[in-house]
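Listed below are the residues making up each chain.
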Amino acid sequence: MAALGGRLFVDLPGFGPQVEKLPVCLRILLENVARTQKGSDRDEAIAALLAWSGSGTSMAEIPVQPCRVLMHDTTSTPALVDIAAMRDSLAESGADPATLNPVLPVDVSVDHSLAVEVYGRSDAATVNIGHELRRNAERYRFLRWASTALSGVRIHPPGTGIMHTINLEQLATVVTTEERDGERWAMPDLMIGTDSHTPMVNGIGVLGWGVGGLEAQTVMFGMPTVLRIPDVVGVRLTGRLPPGVLSTDLALVVTHRLRKMGVAGEFVEFYGPGVSTLKAGDRSVVANMAPEYGATTGYFPIDDATLEYLRDTGRSPGAIAFVEEYARLTGLWFDRDASPRYTRTLEIDLAEVGMHVAGPRRPQDLHPYWETGPALRTLEGGKDVAHPIAIAAITSCTNTSDPRLLVAAGLVARKARGLGLKVAEGVKTSLAPGSPAAARYLARAGLDRDLAVLGFDIVGYGCTTCIGNPGPLPPEVPGRTGHRVAVLSGNRNFPGRIHPDLDRAFIMSPALVVAFALAGDADRNLRDEPVAIRDGRPVMLSQLWPTHEEIDAALATAIDPSDYAEAFKVATSRPEWHALEAPAGARFAWNPKSTILRRPPFASTDAGSQLGHFTAYPLIVLGDDVTTDHISPASAIPKDSAVADFLVERGDDRNDLNVFASRRGNWEVMLRAAFHSRSLLNLLQPDSPVAHTVHVPSGEVMPIHEAAERYRAAGDSVVLVAGERYGTGSSRDWAAKGQRLLGIRAVLASSFERIHRSNLVGMGILPLRLPRGRGPRDLALAIGDRIEIDADAVNLAPRRAVTVTVIRKDGRRESFAATAAVETQFEVDLLRDGGVIPHILRGAMTRPEKFGAD
Ligand code: SF4
């Protein structure tokens, strides 16, 4: 340990020469365990990290204590509902409910519920936020209760921006200070977020990653998150991006290359001389897409570009100097010539990156920007089908946080406007920046008018189209019909992600979104064909595309570091938000008639362990690539669905049901929403309607939740079987909660997405990895087959073999060894307790001093 400006700090170089060989992200983990742990836990974790050589996956577990938690409104609502329900359970058992408080700062960004109801008009942002506040008032009042009743919870209201942009611009300190055991410590700003794109902050040297809401609950109550020391993939960057190529293009190339390499949950770190040619804004775009390239992080170490970003966004000179001094002293400062050890490496020459798009159904499917047509035609089986653009959205934290990308889009708009071009008919245009500072810098450069003339007025500051809230599709235009497509600057494009009626979408830079909106056709070859014809003359993309110098010149006019704090302050003090009543009291007063907030049954000590030796019916059997959107949809509640009927029976308006994501405080709705997806195939009963399955004992096909209830009433266990990458996509914990409410005791899958696997454990559901060659189709489960699982609580251990036996209808038995997809002993303990919530409650009852931050 050493001292810096009156603060102690962990002297990383003092651990010896091995530290220099560690990837920088592992040095940060080393600092964390050295500062936060004690005794043998500390010694063992330090020894394991120093012994990390990159060759062979480490089996060592290390306890890591992040210093803050970031959430958004749709993941925070269920987490805070759980806390409100836990407080009820404590009160009912005679304890003081007010003692249960997060012990870490929790920032909640209200960004996920903004929809593009109106667009192409100057008051669009005001009108859209008005709709948002009206529709979500009850949920937002609950958030206001949480911010007053729970210490440490800070809510960033609608209009303040997207969580990851807020993190970059307002919350991240890069290096911070804490009090621990009566001493002041300087330390890296290590954080977690309940959103898979949390690694965006890795672009400015902050180590952070996405976790499920349940894991976040353990961390916010002061328990460490226990990690296996990760494999680290090093991406060596050389060269410099060519003229015209933007950071979105690089992010798409990185996504493609790392997916091809087979990255699956590793930490990724960028190194090499090419890193120094990228601005922190560029790096954050690349870091943001970590989940799309299969990684947990996309880390860029601290250097001059980090400091420049902190200056440009208005951080104080003292804070910036502290970051530099700390990083240099501790060996966390980036050295472009260093080559730390990595588990695997990949080299990317920035000079070879071209302009790209990705899609039309997965973010890793990369194409040169002129090859959208062939990609679409392949899906049409070679048939000649038109592909009119229905949505052209400049959206997402990924591609609207870096002023360079928005300014480039503004310059395309300016040149198009100068040539008198207009957006094609039938295209819904929108601009939803990640931060209200964007309005200021675009206006200062005069680019807001250029964008608005084309219909790209600001529609608000939130997730909008990126999360599947693009509002209604525009009507089809006669003469421009066909298979409609979205173009967007988002990061995901799974069928239905953008809009339930769109199954094709291309991801691209904001500037290309403007160009495609002008063209109107998603299959236009913008290299060889004109974007538009004006006065009989073709206008080519090259005439519209800005040079790096033009972008730099516009940025020089546009950027004022004071914008960030000022715009955020104005947005934070929005009167409509503060006019919402904030209920008081240690316990939340549930409204028995509410269709938004209900006390969940699993937030109780009675939840109980689901481990054991049992025989179960398969509730549903699924194939590969089942996403959390399939398991627990976020999109609009279909008016003609059973969920809609359920809500209408309770007084809701069928025409204003909002999105599933807005109902995550109501377990009764979310139970019925589980597996509510048109594109999901239940292999057990392939012709069953949406969200239906066969109840095996009766042979009846019925809604999944009704079948689950019948099994439960009869005392029968159920399991779920799935293929590769089960639970890919968003980090939503409701995907696991819904399965727990359905009574699912174990999920048997060929492979699991990292966060969903952790969420299953968090809900007390045992994830089991099927052996190779035993995928759901190989198992050939037929109606009447049952599955016996020997998962005794005493014998369960991380990655231990678990015997599974398929009992065929005729009595034949086929056994094989599955693997417990349980990574740590802490996870075993959670499963033994029945999940995170009973674990916290038991802790709060036995050690209340640990759970009171007051
Ligand atoms: S990736 Fe999209 S949905 Fe997620 S936080 Fe960013 S804008 Fe919102």
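Look above for the structure.
Since this is a predicted model, take the numbers as computed values, not measurements. (Residues numbered from 1 in each chain as written. Predicted model: local features only at pLDDT ≥ 70, side-chain atom pairs only at ≥ 80, totals over all residues. Heavy atoms only, no water.)

Undergrad: Break down the side chain of Thr 77 for me, with residues and values.
TA: Assignment of secondary structure puts Thr 77 in helix α4 (residues 73–92). With a relative accessible area of 1%, Thr 77 lands in the buried category. Not counting residues up to four positions away in its chain, the partners in contact with Thr 77 are His 72, Arg 139, Phe 142, Leu 143, Leu 597 and Gly 665. (Helix = DSSP H or I, 4+ residues; strand = E, 2+ residues; numbered from the N terminus. Buried < 20%, exposed > 50% of the residue type's maximum accessible area, 1.4 Å probe, protein only. Contact = heavy atoms within 4.5 Å.)

Undergrad: How would you explain unusual backbone geometry if you had to name every residue and give the values?
TA: For residues that are not glycine, phi is negative in most cases, and the peptide bond is trans in most cases. Between Gly 359 and the following residue, Pro 360, the backbone shows a cis peptide bond with an omega angle of 5°. Within the fold, Pro 360 resides in the loop between β16 (356–358) and β17 (366–368). You will see that Asn 658, though not glycine, has its phi angle at about 65°, which is positive. Following the sequence through the fold, Asn 658 ends up in the loop between α24 (642–649) and α25 (667–673). Here Asn 658 falls in the buried class, since its relative accessible area comes to 14%. At Phe 675, a position not held by glycine, the phi torsion is positive, near 65°. When you line up the elements, Phe 675 lands in the loop between α25 and β25 (692–695).

Undergrad: So what's going on with the sheet that holds strand β10 (residues 208–210)? Which residues, and what values?
TA: The five strands lie next to each other as β6-β5-β4-β9-β10, forming an open sheet whose pairing is parallel. Edge positions in the sheet fall to β6 (153–156) and β10, since each of these pairs with one other strand and no more. Neighbour-to-neighbour, the strand axes of this sheet turn through a mean angle of 20°, independent of strand direction. Across the sheet, helix α7 (residues 163–171) is in contact with β4 (68–72), β5 (106–109), β6 and β9 (191–193); its angle to β4 comes to roughly 140°. (Pairing = 2+ DSSP bridges. Axes fitted to C-alpha atoms, helices over the stretch in contact; angles between N-to-C directions.)

Undergrad: Can you lay out the site of the ligand for me, pointing to particular residues and giving the numbers?
TA: Near the ligand, the surroundings consist of His 112, Ile 162, His 164, Asp 195, His 197, Ser 396, Cys 397, Cys 463, Cys 466, Ile 467, Asn 491 and Arg 497. Split by residue class, the shell around the ligand holds five nonpolar, five polar and two charged. (Near = heavy atom within 4 Å. Nonpolar A, V, L, I, M, F, W, Y, C, P; charged D, E, K, R; others polar.)

Undergrad: How would you summarise the sheet that holds strand β30 (residues 786–791) if you had to cite specific residues and measurements?
TA: On the basis of which strands lie adjacent, the closed barrel formed by seven strands has the order β24-β27-β28-β29-β32-β31-β30 and mixed pairing. Adjacent strand axes in the sheet meet at a mean angle of 35° when their direction is disregarded. Alignment of strand β29 (residues 766–769) against strand β32 (residues 813–820), held across two bridges, turns out to be antiparallel. Along β32, the bridge assignment pairs Leu 768 with Ala 820. Its contacts with the sheet put helix α26 (residues 704–713) on β24 (612–621) and β27 (717–722), and the angle it makes with β24 is roughly 155°.

Undergrad: Go over the pairing of strand β7 (residues 175–180) with me, naming the residues and quoting the values.
TA: Strand direction decides the pairing type here: β7 and strand β8 (residues 183–188), joined by six bridges, are antiparallel. Considered in β8, the bridge of Arg 180 is made with Glu 183.

Undergrad: Provide a residue-level description of the packing of helix α2 (residues 24–36) against helix α3 (residues 39–50), including the pertinent values.
TA: Interhelical geometry of α2 versus α3 gives an angle of 165° and a closest axis separation of 9 Å. Of the possible angle classes, the one that applies to α2 and α3 is roughly antiparallel. Every pair of crossing elements has a handedness; the one defined by α2 and α3 is left-handed. Taken together, the residues of α3 that come into contact with α2 (itself represented by Leu 26, Leu 29, Leu 30, Val 33 and Ala 34) are Arg 42, Ala 45, Ile 46, Leu 49 and Leu 50. Looking at the contact of α2 with α3, its residues break down into nine nonpolar, no polar and one charged. (Parallel < 35°, antiparallel > 145°, perpendicular 65-115°, else oblique. Left-handed = near helix turned anticlockwise from the far one by under 90°.)

Undergrad: Tell me about the packing of aromatic side chains, and please be specific about residues and values.
TA: In the structure shown here, the tally under the stated rule is 13 aromatic pairs. Here the aromatic rings of Phe 142 and Phe 588 are separated by 4.9 Å at their centres, their planes lie at 80°, and the arrangement is edge-to-face. Separated by 446 residues along the polypeptide, Phe 142 in helix α6 (residues 137–149) and Phe 588 in the loop between α22 (575–578) and β24 bring together distant segments of the chain. For the pair Phe 142 and Phe 588, a shared accessibility class is recorded, and that class is buried. Residues Trp 209 and Phe 267 carry aromatic rings whose centres are separated by 5.6 Å and whose planes lie at 50° to one another, so their mutual orientation is tilted. One end of the pair, Trp 209, is in strand β10; the other, Phe 267, is in strand β13 (residues 267–271), and 58 residues separate them in sequence. Residue Trp 209 shares its accessibility class with Phe 267, and that shared class is buried. Within the aromatic cluster, the residues linked to one another by ring pairs are Phe 142, Trp 145, Phe 588 and Trp 590. (Phe/Tyr/Trp six-rings, centres within 6.5 Å; stacked < 30°, edge-to-face > 60°.)

Undergrad: Account for the environment of Ala 749, naming residues and giving values.
TA: Positionally, Ala 749 belongs in strand β28 (residues 744–749). Its relative accessible area of 0% is what places Ala 749 among the buried residues. Between the alpha carbons of Ala 749 and Arg 725 there is a distance of 8.0 Å; along the sequence they are 24 residues apart. Once residues lying within four places of it in the same chain are set aside, the contact partners of Ala 749 are Ala 722, Gly 723, Tyr 726, Leu 768, Arg 769 and Leu 770.

Undergrad: Any chance you could break down the environment of Gly 234 for me, citing the residues and the numbers?
TA: As for its placement among the helices and strands, Gly 234 is situated in strand β12 (residues 232–238). Taking the relative accessible area as the measure of exposure, Gly 234 reaches 0% and is therefore buried. It is 22 Å that separates the C-alpha atoms of Gly 234 and Asp 365, two residues lying 131 residues apart in sequence. The contacts of Gly 234, once residues within four sequence positions are left out, are Glu 269, Tyr 271, Tyr 342, Arg 344, Thr 345 and Leu 346.

Undergrad: Please set out helix α31 (residues 836–846) residue by residue, giving values where relevant.
TA: Within α31, eight of the 11 residues are buried, which leaves the element mostly enclosed by the surrounding structure. Within α31, the full set of buried residues consists of Val 836, Ile 837, Pro 838, His 839, Ile 840, Leu 841, Gly 843 and Ala 844. Check the buried side of α31 and you find it contacts α4, α8 (213–220), α28 (754–762) and α30 (825–833).

Undergrad: Break down the pattern of salt bridges for me, citing the residues and quoting the values.
TA: Considering all chains together, one arrives at 56 salt bridges under this definition. Between Arg 663 and Asp 652 there is a salt bridge; the shortest N-O distance is 2.9 Å. Residue Arg 663 is found in the loop between α24 and α25, and its partner Asp 652 is found in the loop between α24 and α25; the two are separated by 11 residues along the sequence. Each member of the pair, Arg 663 as well as Asp 652, carries the same accessibility label: buried. Asp 810 is paired through a salt bridge with Arg 812; the nearest N and O atoms lie 3.0 Å apart. Using a relative accessible area of 55% as the deciding quantity, one classes Asp 810 as exposed. Assessed through its relative accessible area of 48%, Arg 812 is described here as partly exposed. Within the structure, one salt-bridge network assembled from shared partners comprises Asp 785, Arg 808, Asp 810, Arg 812 and Glu 814. (Salt bridge = Lys/Arg side-chain N within 4 Å of Asp/Glu carboxyl O.)

Don't take any of this as a statement about function, it's just geometry.
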